Amino acid sequence: MTVVNLAEIAEKTRQRIAGISYRVLICTGTGCIAGGAETVYDKFIGMAGAIPGIDSVEITADGCKSAGTGVISRTGCHGLCQKGPLVIIQPLDTGSEEIFYCRVTPEDVPEIIDKSIGSGDVVERLLYRDAESGRVYRSSREIPFYARQKRLALVDCGHVEPDSIDDYIMRGGYAAARRAITQMTPENVCDEIIASGLRGRGGAGYPTGRKWQAALANSDDIKYVVANGDEGDPGAFMDRSLMEGDPHRVLEGTVIAAYAAGAGYGYFYVRAEYPLAVQRMRRAIKKARQAGMLGKGLFGSRFDFDCEVVEGAGAFVCGETTAILASIEGKRGMPRPRPPRTTKRGLFGKPTVVNNVETLGTVRTIIEKGAAEFRKYGTRSSPGTKTFALTGHVLHSGLIEVPLGITLREIVYDIGGGIPDGGKFKAVQIGGPSGGCLGPEHLDMPLDFDSLPRVGAMVGSGGIVVIDDSACIVEIARFFMEFTQHESCGKCIPCREGTKQMLAILQDIVEGKSEPGDLELLVETADVVKTASLCGLGGSAPNPVLSTLKLFQSEYLAHVDRRYCPAGVCVALRTYTIDPSLCKGCHRCSMKCPVSAIEGDKREIHRIDVAKCTKCGICAGLCKFQAIAAV
Amino acid sequence: MGETTSRPAVTENNTIVIDGRAATIGQQRNLLEVIRSVGINMPTFCYHSDLSVYGACRLCVVEIQGIGIVTSCTTVPDPGMVVYTNTAKLRKIRQITAELLLASHDVSCPTCPKTASCKLLELTTRLGVGTVRYRSKVQKLPIDTSSPAVVRNPNKCVFCGDCIRICEEVQGIGALDFAYRGSSIQVLPAFGQGLGEVECVNCGQCANVCPTGALTVKNDVERVWQALHDPSKIVAVQVAPAVRIGIGEAFGLAAGEAYMGQISAALRHMGASYVYDTAFAADLTVLEEGTEFLNRVRAGERLPQFTSCCPAWVKLVEQRYPDMLENLSSCKSPQQMLGSVVKHELVKELDKMPGDIFVLSVMPCTAKKFEATRPEFLTGGNPDVDAVITTLELAQMVREAGLDFASLEPDRLDMPFGFKSGAGVLFGATGGVAEAILRFAGESLTKRRMNINQLEFHQVRGLKDTKEASIDFGDVKLSVAVVSGLAAAQRLVDDVRAGRRQYDIVEVMACPGGCICGAGQPPLKDSSARVARQQGIYRIDTMLQMHKSQENPYLQQLYTNVLHEPGSAVAHDLLHTHYRPRRRTGAYGADLPAEEDYSEGDIIRVEVCVGTNCHIRGGHDLLHKLIDHIDSTNAGHLVDVSPTFCHELCDKGPTVCLNGEILERCTFEEVAGKIDRELKQRANRSSDATGAVQDER
């Protein structure tokens, strides 16, 4: 048993960094790494001796240790991935504002060192510039993208060093776990979480405290906690960013959950496609174990807890609560019917709490600051904040955390900066591939766990894809259907066969091969898949189709009845025609048409044989007089 | 109160309301069973009362007031529940489900072997699915005919998983599992091999539970007709005890009635020259196996003695318990004994070549098809049994011949091999072999004639999967175990190996309930049919004049004229065999590196077998200890320790291949010692070499 003195570690860390005058934070979230953040980091390290305040650096397993008053740190995701690689110069002694640089390349590094570290100037071209107003922002705090957010789970993401437990402890880490374990009973902890109203961030929104309580009520000797980090939605990266950017926060939440539920062992089920998250969680666990935050008799109590990382098996369905357990047990990742709930019979037949990574990442704040503080954000039935991955046709895409109950308008226009390139807002797909679509009429609706299902959508994993009017809604529905159909495990008939047939119908619609009655059959099938499927994947798979059918029925009808795609996206439905008033009979198009579908003598008006035309669009691109257009 | 709930007042404790009628929950395990208990035939694909609840077909959906739509198979009935089984929504779900299944099904009902009992066909008819509106893009997958017992047609699979669960849960084999996902899902043997190439024991229970034509019993009827119509062939038929009890059900007759006379008449009508009874060979087995057992007891040899009548069980032992093969009786199964004796005798009597005699077996069993093809049972290149058909295949032939089975005038059997004692017939039910042997061993041990009241051993009867009895025969106390179902058998064997249980003799039958419930029999309508079949077997024993194998006069005659005495050299030649360890899978064998790969000074290669058999014996542990050992001696660059699969010495595991030499029954100390010595030798050699170089300088 190790009794950890957190205050001592924090104090030592504080002393160690007392002489530090500034930090260079280089975002090494996955988005920034893809943009070249590692080369930027290497450039800073390479120039170490030439950086004022840094005499030399040594690269250790814990990161970069420098001699002098400056520190170079790699951090997790800052959220504004679209503008990455991000570099922040953070002065610690003067109290002056940080400098937030976007799209930094290694070539920019000498200039940054020269101006921002040496003389306190800024490199203006690298600052964030608002596209519309042209205003330039020095600090991230003022940027509209950040200004409207409220960060509870992500509060330290991008600031704390993910691989340094000392840094985490210095920022108050593990004090909540110690408080829970040494000063609260498991019942108290459950009660506090229930009072906070925290609901599962994985999508279904089940009250977290109730789940823990249910597991606690089971008197089994062996119980488990499973952190669900199998974030499979295309375009979603909330859990990933949290695990990569602040792994100890997730781990601390897990320790508290285990204590509250009476569990002695835990598993982090992390997507194998997230190598960095796997690595950082593994390191965090190792260091926490070394520091006495995991193991026997935590904080001098009689509570034992340890955990490990299990890499996901590569299937979307493995994010489903019962499938995840099957996968950890080494079985095929297939859901089983519930009840019994996992809190009664879960992993290896034992009571198990399965919580999403973000849910666990929120726990520390609640224990630290109290349920009342948490309830200051969000709505009555959906308190707190929620992270979303904002993507699609929006000016600023990235990772955001906002109070629940925020309107779609605020997210799309204030945080996201609106639709780029003069596009018009058409819809958002919210909650991942099995979420639903919201249209312009929902822009001012508050987003929370209860309001979304009422309009056929869900919070789901928290992906928000903004769609502008250049997109075909049927094609969007088809795309999501293709995903869920591909990821269906194949166990129950409605999901396996139903999604396949729904996809086939949608495919035919966008290819102009639909038959009368197809839309009715689509709805009929969707209803059965929704009500009769075994697990949540099938139960929600028809959402995109059903919600778009409701909002954009006319667009579907145009495809089916008139063989016409209003957005002009569906190639098979295009009809190319030549405007006789513009055609000069130059022969250019007819000479290049690969199927000789264009007829007409020289200097005569040409015409396209619709039967022959393969709708490749070459002619429209060639015409110098804009006489050819697709309708 | 009355305002807030709309529950009818009739609900009492332990009662629910189904479609407005009260129903007692009773001892039913789930809501589906309760619904069926009140006479509502809820359709299902994946629900099977003997297997775990799977909840995948979604056909048994019901609407529960206050809860909504759920599957009844996964719902625990709570007193007071108000359940509806046939609402508009539920009808829609079932209809769409059937329509969806049909869209991706290879619909070829007239030629499908399962047409008579296909659940998909029944469901479609019941639900009145008029048209299939969906796109039907059936991509044909190849049909797996590699197994001599079971044909797998993936194009007809509905993925209910019944086959997977019966193979895993009831038989403990796990030869099938799901592969791929979504609409690409398939039910496949390991690595996509054929069923005939994997550890499938050919019990056929998967084909028995399969609701469609995806898994069916291999049909050999055509070969049999060819033989019957070939004037140069003399067809001698043997009929197993369970067949006479099961065949009636195939013609809609009551379960449990015996129809041996009708079978004989039908076979003769179709052109069989001789009709014999496998029960005669069962009597023969009793004497041979009983004598072998008594010899083991007297000589203090390995016990328990396991029966070897069931070919599925024999294959399991070959695959999983190669070191227990010595415990298996060396007797051939009754089918093979009779085949061997019939050919031996008819060739002499009719002055024919063995190839002219065609021995046909009618069996309740699919594994017998596999057994007949085993190389052990070829005599001079000629199989002892030429073809095996199941009870259902015989019924098919009867229909094809246009015979009205029920009204056939019963015919006699041919002598001498048509005569049997009641003991021989008992072989058809679980516990029967043990009981027949007890009737023989009892008399041998006590040297006293057992009277009619001492013959029934009720401790070994019944349908429980494992039965135990301890029986006193004078000074000797025999401990007997009877097990049916291979999962139960493996639990028992594991206990025996671990020393937790001790027996003298163990009877194993692969199919739960024994041969009467074999996969070649008509599908069981309900559990009462199983009881009726068992009672039918015991009734035959009661009705026959003789109850002990040793009293069969034709058998005594056979010993006098041919075999001399049980266990004689001739008997061994004709009636006994020997089994060898068998690999569980055909593919993915370990290529053993050739010895010349290891020139001096090369890395020392240590390959530890982690195949299942070696794993059970500590292969994994050994591997890890060796890796740790090499790490701790800092010899990682000189020694390469790696896991490998099967060296095909499963009974001598764990095995290790050390630089090409295979070491058997390895312990860590032994292997580590050898590696250390090898390292030392090399170190000495290299220091000698350096020394020599220095000397030269």
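Being a predicted model, the structure only gives us computed values, none of them experimental.

A. Looking closely at the overall build of chain A. Across its full length, chain A holds 25 helices and 21 strands. On the principal axes, the C-alpha backbone points of chain A span a range of 90 × 65 × 40 Å. A burial count over chain A gives 56% of its 631 residues as buried. Looking at chain A alone, contacts between residues at least 24 apart form 70% of all its contacts between residues at least 6 apart.

B. Examining the overall build of chain B more closely. Helix and strand counts for chain B stand at 22 helices and 23 strands. Here chain B has a C-alpha radius of gyration of 30 Å; the compact-globule value for 697 residues is 26 Å, and the two agree. By principal-axis analysis of the C-alpha atoms, chain B measures approximately 105 × 80 × 55 Å. With 697 residues in all, chain B has 46% of them scored as buried. The contacts of chain B with a sequence gap of at least 6 include a subset with a gap of at least 24, amounting to 73%.

C. Quick look at the interface of chain B and chain A. In this assembly, 25 residues from chain B lie in contact with 26 residues from chain A. In the side of chain B that touches chain A, the residues fall into 13 nonpolar, seven polar and five charged.

D. Molecular detail of unusual backbone geometry. Look at the link from Arg 338 of chain A to Pro 339 of chain A: it is a cis peptide, with omega at -5°. In this chain, Met 415 of chain B is followed by Pro 416 of chain B through a cis amide linkage whose omega measures 5°. Looking at where Pro 416 of chain B falls in the secondary structure, it is placed in the loop between helix H13 (391-400) and helix H14 (422-426). For Arg 58 of chain B, which is not glycine, the phi dihedral falls at a positive 60°. Within the secondary structure, Arg 58 of chain B is located in the loop between helix H1 (31-37) and strand S3 (61-64). Here Arg 665 of chain B, not a glycine, exhibits a phi torsion of approximately 40°, which is positive. Within the element layout of this structure, Arg 665 of chain B appears in the loop between strand S23 (661-663) and helix H22 (668-696).

E. Local environment of the pairing of strand S9 (residues 224-229) of chain A. All names here are of chain A. Most of S9 sits inside the fold, with six of its six residues counted as buried. Across the two faces of S9 the burial is the same, with Tyr 224, Val 226 and Asn 228 and Val 225, Ala 227 and Gly 229 all buried. Bridging between S9 and strand S12 (residues 352-356) involves five bridges; their strand directions are parallel. Bridge pairing in S12 links Val 226 to Val 354.

F. The arrangement of the domain arrangement of chain A in detail. If you check the domain split of chain A, you get domain 1 (6-147), domain 2 (165-375), domain 3 (385-468), domain 4 (473-561) and domain 5 (574-630). Inter-centroid distance (C-alpha atoms) of domain 3 of chain A to domain 5 of chain A is 41 Å.

G. Representation of the confidence of the model for chain B within the structure. All names here are of chain B. Of all residues in chain B, 94% have pLDDT values of 70 or greater, and the mean over the chain is 90. Mean pLDDT in chain B bottoms out at H22, which sits at 74, and peaks at strand S16 (residues 387-390), which reaches 98. Counting contacts from residues 1-11, a segment whose pLDDT is below 50, to residues more than four positions away or on other chains yields 10 contacts. Confidence drops under a pLDDT of 50 for residues 587-600, and excluding neighbours within four residues, the segment shows 17 contacts in the predicted structure. Across the interfaces of the predicted complex, the ipTM metric reaches 0.85, alongside a pTM of 0.85.

H. Representation of helix H7 (residues 241-250) of chain B. Residues and elements named next belong to chain B. For H7, a buried count of 10 out of 10 residues is recorded, marking the element as mostly surrounded by other parts of the structure. Buried within H7 are the following residues: Pro 241, Ala 242, Val 243, Arg 244, Ile 245, Gly 246, Ile 247, Gly 248, Glu 249 and Ala 250. Looking one or two residues beyond H7, the residue adopting positive phi is Gly 252, at roughly 75°.

I. Layout of the packing of helix H2 (residues 88-103) of chain B against helix H3 (residues 119-127) of chain B. Residues and elements named next belong to chain B. Running from N to C, H2 and H3 cross one another at 135°; their axes reach a closest spacing of 10 Å. Classed by the angle they form, the pair H2 and H3 counts as oblique. Classified by chirality, the crossing of H3 by H2 is left-handed. In this structure, H2 uses Arg 94, Gln 95, Ala 98, Leu 101 and Leu 102 to contact H3, whose residues at the interface are Leu 120, Leu 123, Thr 124 and Leu 127. Looking at side-chain class alone, the contact of H2 with H3 contains six nonpolar, two polar and one charged residues.

J. Up close: the environment of Asp 508 of chain A. All names here are of chain A. Its place among the elements puts Asp 508 in helix H19 (residues 493-510). Distance in space between the C-alpha atoms of Asp 508 and Phe 44 is 54 Å, their sequence separation being 464 residues. Filtering out sequence-adjacent residues up to four positions away, Asp 508 remains in contact with Lys 513, Ser 514 and Asp 518.

K. Up close: the domain arrangement of chain B. Residues and elements named next belong to chain B. For chain B, the assigned domains read domain 1 (15-95), domain 2 (106-129 + 140-217), domain 3 (240-575) and domain 4 (595-696). One C-alpha centre belongs to domain 1, the other to domain 2; they are set 26 Å apart. If you look at the interface, domain 1 gives 12 residues, while domain 2 gives 15 residues. Here the side of domain 1 that touches domain 2 is built from residues that sort into seven nonpolar, three polar and two charged.

L. Examining the sheet that holds strand S19 (residues 505-509) of chain B more closely. Residue and element names in this part refer to chain B. Taken in spatial order, the four strands make up an open sheet running S12-S19-S18-S17, and their pairing is mixed. Strands with a single pairing partner mark the edges of an open sheet, and in this sheet they are strand S12 (305-306) and strand S17 (466-473). Judged from the five bridges that link them, strand S18 (residues 476-484) and S19 form a sheet pairing that is parallel. When the sheet's bridge partners are listed, Ala 481 is paired in S19 with Val 506. Its contacts with the sheet put helix H16 (residues 486-497) on S17, S18 and S19, and the angle it makes with S18 is roughly 140°.

Criteria and cut-off values
The written sequence of each chain sets the order in which its residues are numbered from 1. Chain letters and ligand numbers both follow the written order, the letters beginning at A and the numbers at 1. This being a predicted model, a pLDDT of at least 70 is required before a residue's local features are given, and a value of 80 or more before pairs of side-chain atoms are given or counted; all residues contribute to the totals for chains, interfaces and linings. Helix and strand assignments follow DSSP, with helices taken as H or I runs no shorter than four residues and strands as E runs no shorter than two, numbered in order from the N terminus. Residues with at least 20 other C-beta atoms within 10 Å of their own are called buried, those with 12 or fewer are called exposed, and the rest are partly exposed. The C-beta atoms themselves are positioned from the backbone. Contact definition: two residues whose C-beta atoms, as placed from backbone geometry, lie within 7 Å. Atoms considered for the radius of gyration are the C-alpha atoms alone. The globule rule reads 2.2 Å times the number of residues to the power 0.38. Residues are sorted three ways: Asp, Glu, Lys and Arg are charged, Ala, Val, Leu, Ile, Met, Phe, Trp, Tyr, Cys and Pro are nonpolar, and all the rest, Gly among them, are polar. Any two strands with at least two DSSP bridges between them are considered paired. The start and end points of each domain follow an automatic or database-based domain assignment. What pLDDT reports is the predictor's confidence in each residue, on a scale of 0 through 100. For helices, the fitted axis covers only the stretch in contact; all axes are lines through C-alpha atoms, and the angles between them, taken along N-to-C directions, range from 0 to 180 degrees. The scheme is simple: roughly parallel for angles under 35 degrees, roughly antiparallel for over 145, roughly perpendicular for 65 to 115, oblique for anything else. Note on convention: near helix rotated counterclockwise from far helix by under a right angle means a left-handed crossing. Clockwise means right-handed.

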